[in-house]
Structure formats: C-alpha cells, structure tokens
Amino acid sequence: MIDANHPELELQDLVEGLLGPAEHATIQAHVDGCVRCRAELDELRRGRELARLVPRLTAPGDVRRDVAVCLQRASDAEQQNGRGVPRRRILAYVLGAAAAVAIAAYVSRREDVPASAIRSYEASKAGERAFDIVTSDPAVLERFFSGRVSFNVRVFDLGMMGYRLVGGRVDQIFTHPIALYTYSGPDNRTLTCGMYRGDLSELPEPNERRDHNDITFLVYKRGAVTAVFWREGDVVCVAMSDMPTDEVVALAFAKSIRS
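These notes cover the structure that comes with them. What you are looking at is a predicted structure, and each value in this text was computed from that prediction instead of being measured.

Glancing now at the packing of helix α1 (residues 9-16) against helix α2 (residues 21-32). As a packed pair, α1 and α2 sit with axes 10 Å apart at the nearest point and diverge in direction by 110 degrees. Put simply, α1 runs roughly perpendicular to α2. In this structure, α1 crosses over α2, and the sense of that crossing is left-handed. Within the contact between the two elements, α1 uses E10, L11 and L14 and α2 uses E23, H24, I27, Q28 and V31.

Okay, structure coming up:
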C-alpha cells in the first residue's frame, strides 16, 4: 500500500513546478527530511531530463515491445512484493523508458557524425571556436596532435593546390575525439580536414558515393557545406568546405592514402 504520510502526485508536481508557494514549501520540507521521498524525486528528475535529451522519433517495433515488457515486469515485481506501484514510480519508469526508446531510435538513424562534423566546421568558419594552435607548418601541427589524440594524424602541405595551413584543434564529433585542421584558399575559401578513430558504418546513407584509387568516399551535402568521409585503416578522414562539391571531393582525393 502507498503510505499516506509520503506525498505521491505532489512529487511530480514539484518536479514540474506546478505547486503554489505554500504547498511547495510544505512538500520541499518533507523531502528535505525524508530519504525515501528524496530518492523518488531523484528518479522523477532523472527520467524527465533523459526524456528531454533526445528528439521525438519513432523507434523500431521490437524496441518498443522490449520497453513495454520491461515496464510490465517492473510492475509485476512490485505487485509480487505486496506493494502497489506508486504513480510517481510508474511515471519515472515511463519517462526513462521513453528516453531509452528515443535514444535507440536516434542511434539507429546514425545521422550524428556528419551533422556534428559540419556544425564544427561552421563554428570554426564563424570564429566561434578558436584554434588550439596557429601554424602553417604541417610537421608542427602533427607533433601537436601526437600528444593529444590516440592515433597518428597526417597533415599535408596543400600549397601546390593554393591552400595554406592556418591552424588546428582537437574537438569532438558525436562521441569521437577528432583532430581538425584548416586551410585557407583562393577567394577566401576554407577547407577543414579531420581524422578520428571510427568506422564508416556509423554514418547514414550518403548523398552520393565516389570511388578513387580503390577508396570509397561518402559525400554528404548539408545546406551550403559538403563533407566527404573515407576510411584509412582504423581512422576515418573527413574534408569539409562550402566550396562546390566537386572541388571538395577533388581535395579529398588529393589527400587520401590507400591503406
């Protein structure tokens, strides 16, 4: 049975900010002195925050079924222990499960890496993210990266193609640390290249695929920006720019090495 000495629906109202000043003070005072209700309140808050972290997506049917089974098992376990399931606990389960469903659906779409990489490129071009190091020397930049990422970073001199190295930084795209470095080219064009440890299977279906020297290049077009991904060993490389797509692809071909 639910203990009438402990608030039930009021905890959810507390999380949602729906209590008036007097009732808020009363419930908060109880929570401050009650270990059980503090734990329940934490469950509600965690479930609410998890649900906010992910977009609204439709999960695969098998994922929805698995979540429903988990919720039913939790309810059955509570009933077998001789306790009714408090509505606040059910709500915490539902919020957490909804977040799990959304996360599963979000990951299944696998759209994060290109979008995250392009956001990083755009932030650099807008001056919102500064370089960790400013240099036009590829060797200096390679030494800088060697102590900051767990893989070898190759930085090419693209001077013969009209692009001058200006600097680099360590960033993160999706869940991957990435070494990013930027070139300045003709007509104020910029080219940002990156390397991270990962796999092309994480990427969504590209706008197009191109092959060169037995390497497959995945081409993504997002607004004015083109991002080209390819794999070299256990490292994924990317070249990004708002120049015409064919020019970005040509520069990616130029800096690629068959592993």
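With the rule as written, the count across this model stands at 10 salt bridges. R231 is paired through a salt bridge with D199; the nearest N and O atoms lie 2.4 Å apart. With R231 in strand β7 (residues 225-232) and D199 in the loop between β4 (190-197) and β5 (208-212), this residue pair connects regions lying 32 residues apart in the sequence. We classify R231 as partly exposed; its relative accessible area is 35%. R210 serves as the salt-bridge partner of E208, at 2.9 Å between the closest nitrogen and oxygen. Exposure remark for E208: the relative accessible area of 31% places this residue in the partly exposed category. Here the residues in one salt-bridge network are R129, R169 and D171, joined through shared partners.

Turning our eyes to something else, we now look at the sheet that holds strand β6 (residues 215-222). If you trace the 8 strands from one edge of the open sheet to the other, you get β1-β2-β3-β4-β8-β7-β6-β5, paired in antiparallel fashion. Among the strands making up the open sheet, the edge pair consists of β1 (133-134) and β5. Bridge analysis of strand β3 (residues 176-184) against β4 gives 7 bridges, and the strand direction is antiparallel. If you follow Y181 over to β4, its bridge partner there is C193. Its contacts with the sheet place helix α7 (residues 138-146) against β1, β2 (164-173) and β3, and it is angled at close to 20 degrees to β2.

Reading the values: the criteria
- Residues numbered from 1 in each chain as written.
- Predicted model: local features only at pLDDT ≥ 70, side-chain atom pairs only at ≥ 80, totals over all residues.
- Heavy atoms only, no water.
- Axes fitted to C-alpha atoms, helices over the stretch in contact; angles between N-to-C directions.
- Helix = DSSP H or I, 4+ residues; strand = E, 2+ residues; numbered from the N terminus.
- Parallel < 35°, antiparallel > 145°, perpendicular 65-115°, else oblique.
- Left-handed = near helix turned anticlockwise from the far one by under 90°.
- Contact = heavy atoms within 4.5 Å.
- Salt bridge = Lys/Arg side-chain N within 4 Å of Asp/Glu carboxyl O.
- Buried < 20%, exposed > 50% of the residue type's maximum accessible area, 1.4 Å probe, protein only.
- Pairing = 2+ DSSP bridges.

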